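Report on the structure
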Amino acid sequence: MIDIRLIRQNPDVVRESLSKRHDDTSLDAIIKMDEEHRKLLQGIEALRGERKNVSKLIGKLERDHILATLTSILSDCEDPARLPTVQIIKEIDNFLEQCNIKEPLKQERDQMISKIDEYIEKEIRKERSRRIGEEIKILEEQASEISEQLTNMLLWLPNLVQDSVPIGEDESGNVVTRHWGEQPTFDFDPKPHWELGESLGIIDFERGVKLSGSRFYVLKGLGARLQRALIDFMLDLHVNEHGYLETYPPFMVREECAIGSGNLPKFADHLYHDAEEDFWFVPTAEVPLTNLYRDEILDPGTLPLYHVSHTACFRREKMSAGKDVRGIKRGHQFDKVELYKFVEPETSNDELAIMMDNAETVARKLGLPYRILELCTGDIGFASSKSYDIEVWAAGCDEWLEVSSCSNCLDFQARRANVRYRPEPGAKPQFAHTLNGSGLALPRVVIAVLENYQQADGTIVVPEVLRPYMGTDIIS
RNA sequence: GGAGAGGUGUCCGAGUGGUUUAAGGAGCUGGUCUUGAAAACCAGUGUAUGCUUUUGCAUACCCAGGGUUCGAAUCCCUGCCUCUCCGCCA
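Now for a description of the structure that goes with this document.

1. Some remarks on the environment of Ser 261
Along the polypeptide, Ser 261 turns up in helix α11 (residues 255-261). Classification of Ser 261 as buried rests on a relative accessible area of 2%. Spatially, the C-alpha atom of Ser 261 lies 7.5 Å from that of Ala 383, the residues being 122 residues apart in sequence. Contacts of Ser 261, omitting those with residues within four sequence positions, involve Glu 286, Val 287, Thr 290, Asn 291, Ala 383 and Gln 413.

2. Some points on the packing of helix α10 (residues 221-241) against helix α15 (residues 442-452)
Between α10 and α15, the least distance of the axes is 10 Å, while the angle of their chain directions is 110 degrees. The angle between α10 and α15 places the two elements in the roughly perpendicular class. Classified by chirality, the crossing of α15 by α10 is right-handed. Counting all contacts with α10, which are made through Leu 226, Gln 227, Leu 230, Ile 231 and Met 234, the residues of α15 involved are Leu 442, Pro 443, Val 445, Val 446, Val 449 and Leu 450. By residue class, the composition of the contact of α10 with α15 is 10 nonpolar, one polar and no charged.

3. Let's talk about the packing of helix α4 (residues 65-73) against helix α7 (residues 116-155)
Direction vectors running N to C along α4 and α7 enclose 65 degrees, while the axes themselves pass 10 Å from each other. Here α7 runs roughly perpendicular to α4, going by the angle between their axes. The way α4 lies across α7 gives a crossing that is right-handed. For the pair formed by α4 and α7, the contact residues are Leu 67, Leu 70 and Thr 71 on the first element and Ile 116, Glu 118, Tyr 119, Lys 122, Glu 123 and Lys 126 on the second.

4. Here's the deal with the sheet that holds strand β6 (residues 273-274)
Spatially, the three strands line up as an open sheet ordered β5-β7-β6, and their pairing is antiparallel. The sheet is open, and its two edges are formed by β5 (252-253) and β6, each paired on a single side.

5. Considerations on the pairing of strand β11 (residues 370-374)
With five of five residues buried, β11 is to be regarded as a mostly interior element. A two-sided burial pattern is seen for β11, the buried positions comprising Tyr 370, Ile 372 and Glu 374 on one face and Arg 371 and Leu 373 on the other. Bridging between strand β1 (residues 175-180) and β11 involves five bridges; their strand directions are antiparallel. Paired with Val 175 across the strands is Glu 374, a residue of β11. Bridging between β11 and strand β12 (residues 386-394) involves five bridges; their strand directions are antiparallel. Paired with Arg 371 across the bridge in β12 is Glu 391.

Thresholds applied
Residues numbered from 1 in each chain as written. Chains lettered and ligands numbered in written order. Predicted model: local features only at pLDDT ≥ 70, side-chain atom pairs only at ≥ 80, totals over all residues. Heavy atoms only, no water. Helix = DSSP H or I, 4+ residues; strand = E, 2+ residues; numbered from the N terminus. Buried < 20%, exposed > 50% of the residue type's maximum accessible area, 1.4 Å probe, protein only. Contact = heavy atoms within 4.5 Å. Axes fitted to C-alpha atoms, helices over the stretch in contact; angles between N-to-C directions. Parallel < 35°, antiparallel > 145°, perpendicular 65-115°, else oblique. Left-handed = near helix turned anticlockwise from the far one by under 90°. Nonpolar A, V, L, I, M, F, W, Y, C, P; charged D, E, K, R; others polar. Pairing = 2+ DSSP bridges.

What follows is the structure, given as structure tokens:
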């Protein structure tokens, strides 16, 4: 979420970022609502203060025994603030008569009569307080309606992009900044993974479709084993060599978690949702991880926090209908190892570079050639201020596959999920910065391994680092 | 799924309609004392928003959202969560 104070004080900075993203949301309505909201709040607070004081006075008066008796005697009368004195006296006499004991109460009668003016004053105060209450209620209704609209509009605003992000219309504007490794050459025609997988009997498309429909597949035998080996390898690498904490989160989360990460409300149609229990299926571990420390203030010295999670990811892929329908490149369910960091604001761009290297290390150790893309303003994600993609080369389908996208979200998600930290003991809490990146997405790494390590006879050489996990050096 | 109990500050914990401006204790920070430490004593110790921006001031927050009331931590309704017992289950 963008800080409303930034929009208030420096709207042009936000406008510029929006226009770079080709987001045509206007800030005018937001600014106007914010102004109106604050004006209402001021009115409400003043009225509440007044009511508080009046009520306090009433409380003091009601602690007076005589006044309290008088109040209870007259509690059935309508409009007590406007009762004529004569009638009040009559009611007092009625009451005393009902009590049947006349003499000892005579004194009390005089006391009551002497306090009639005070009583009336008190009732007038009550009436005034009641009227203030009504006024407050009206204003509160207005304020909460505006506040709800305002919050909702803010939730639809994408993060600011950093100045270093290249300007561009769409994915064609992304900039290739680096390459690593050599694309493999073959003395035969390299096959795509769907052919290899089928002929090796390790990917079963037909039965996947039978079970769950298009974009589902079944991994079997060494195919399933390969994916598991990759997961173990990646987790071990990030835990043992990069200092991440292995973390197993829920795969279904509450709505507020998906709001916290930035997936809701804007991208509801990308997510699976269980209507009965109102759970959202995670499209990436980023969603639960963002919310690990929601509504917390982390103690000084706690940051940075590094988490790595292997989860299944569920995506409706409605927007990509008809795209990448062959093979296992784009499914509704896939596994991913995700890197996530909570860091202090000053360090977040450096941390992004480190995270990139952590993710790249996976590809390097697997011997998969890759290139790095700096995402442009037209293609960068909603929550991100700066993103790099890692694409590995897949020799069979002859394309670069996105296997990771590493992003610095600044305080955008932390603000939504209310994740704060205290820089020093006693210092004011601040929003943390969050970063996320795949390290890496599994099916696409499986594709790259199968296609790049294939041999003329259709068998696959297992990359060196995976052999301890695979228990074999060839998939045949 | 059934029955019951509960949710108060950093923590423990009191509080059944109004000096609660949330008691008391612990912790933490600072100070006094001490050669030093401990103990004791004194003081301070939340978050958010708005207004002033030097000091401040105001409002809200006792799980969340509604309601009753002049006034709600307290009473009523709904939801969420935790615990105990039973049932079921991996």
